[in-house]
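Chain and residue survey
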Amino acid sequence: MRKLTYFVAVSVDGFIGGPDGDANAFMSFLDDEFLGFLKTEYPETISAQGRRALGLEHRANQRFDTVIQGRASYQLGLDAGMTSPYGHLREYVATRSIEKSPDPKVELVADDLVGKVRELKAEDGEFGIWLCGGATLAGELADEVDELVLKTYPVILGSGMPMFRSGFAVTEFALTRNRTFGNGVVVRTYSRKRPGLPD
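Residues numbered from 1 in each chain as written. Predicted model: local features only at pLDDT ≥ 70, side-chain atom pairs only at ≥ 80, totals over all residues. Heavy atoms only, no water.

Before going further, it helps to examine the sheet that holds strand 10 (residues 186-192). Ordered in space as 5-4-3-6-1-7-10-9, the eight strands form an open sheet in which the pairing is mixed. Every interior strand has two partners, whereas the edge strands, strand 5 (106-109) and strand 9 (173-180), have only one. Within this sheet the neighbouring strands show an average axis-to-axis angle of 25°, counted without direction. As defined by bridge partners, strand 1 (residues 4-11) adjoins strand 7 (residues 147-153) across seven bridges and the pair is classed as parallel. Residue pairing across strands places Phe7 opposite Val149, the latter belonging to strand 7. Contacts from helix 1 (residues 32-41) reach strand 1, strand 7, strand 9 and strand 10 within the one sheet, and its direction differs from that of strand 9 by about 125°. In the packing of helix 4 (residues 113-121) onto the sheet, the strands contacted are strand 1, strand 3 (64-70), strand 4 (90-94), strand 5 and strand 6 (128-133), and the crossing angle to strand 4 comes to about 160°. (Pairing = 2+ DSSP bridges. Helix = DSSP H or I, 4+ residues; strand = E, 2+ residues; numbered from the N terminus. Axes fitted to C-alpha atoms, helices over the stretch in contact; angles between N-to-C directions. Contact = heavy atoms within 4.5 Å.)

This is the structure in structure tokens:
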């Protein structure tokens, strides 16, 4: 069974971006140390455009071979002229508003999103599935998330897009890894506690 990992940037007060999803407030923290960590441990989470700029086109995936993102997150790539922002991964976009995929590498998921994710998780393979965001998609898939990797930036946004846009439910996760960077960013990894299974 493959894991669904919500790997996401978040403010200290729990927002992944401003009200419109803009996350530019986090960009100033991409210093050499933190960027080195991303390039080494999570290179597949860097967009194709970013990988070209950093000379990572041929860098092997470390953790994921599949990405699923919401319509709004995908739109950010489209606005930047990228119809396949993560072409080094299998790309799925959850949307009902786009009828035809603008890129042959991108598969659209209009119905039974949970069923599709369960199908992907049931595949054999050494790599997991990256839940890229945003808030609505994460809320719809909250019960399917097996792991959280939170890149917490030392900023307060005050309001904005939450990590999960969903109803109230207490769900426990166990902290499995914690790393602090010189710029104040903290990357924490949590594994979901599931009844009847060891942590």
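Following the structure, the description resumes.
Once that is clear, we can look at the packing of aromatic side chains. Within the structure shown, the criterion is met by 13 aromatic pairs. Between Phe34 and Tyr153, the ring centres sit 5.9 Å apart and the planes meet at 90°, which makes this aromatic pair edge-to-face. With a gap of 119 residues between them, Phe34 in helix 1 and Tyr153 in strand 7 connect regions that are remote in the sequence. Across this residue pair, the class does not change: Phe34 and Tyr153 are buried. Three or more aromatic residues joined by ring pairs make a cluster, and in this case those are Phe7, Phe26, Phe29, Phe34, Phe37, Tyr42, Phe64, Tyr86, Trp130, Tyr153 and Phe181. (Phe/Tyr/Trp six-rings, centres within 6.5 Å; stacked < 30°, edge-to-face > 60°. Buried < 20%, exposed > 50% of the residue type's maximum accessible area, 1.4 Å probe, protein only.)

Helical periodicity: at 3.6 residues per turn, an α-helix aligns residues three or four positions apart in one direction. For helix 4, the full list of buried residues reads Leu113, Lys116, Val117, Leu120 and Lys121. Taken down its axis, helix 4 places every buried residue within 135° of arc, on the same side. For helix 4, the secondary structure elements touched by its buried residues are strand 1, strand 3, strand 4, strand 5, strand 6 and helix 5 (135-140). (Arc of directions from axis to C-beta.)

This is a description of form; function is not addressed.
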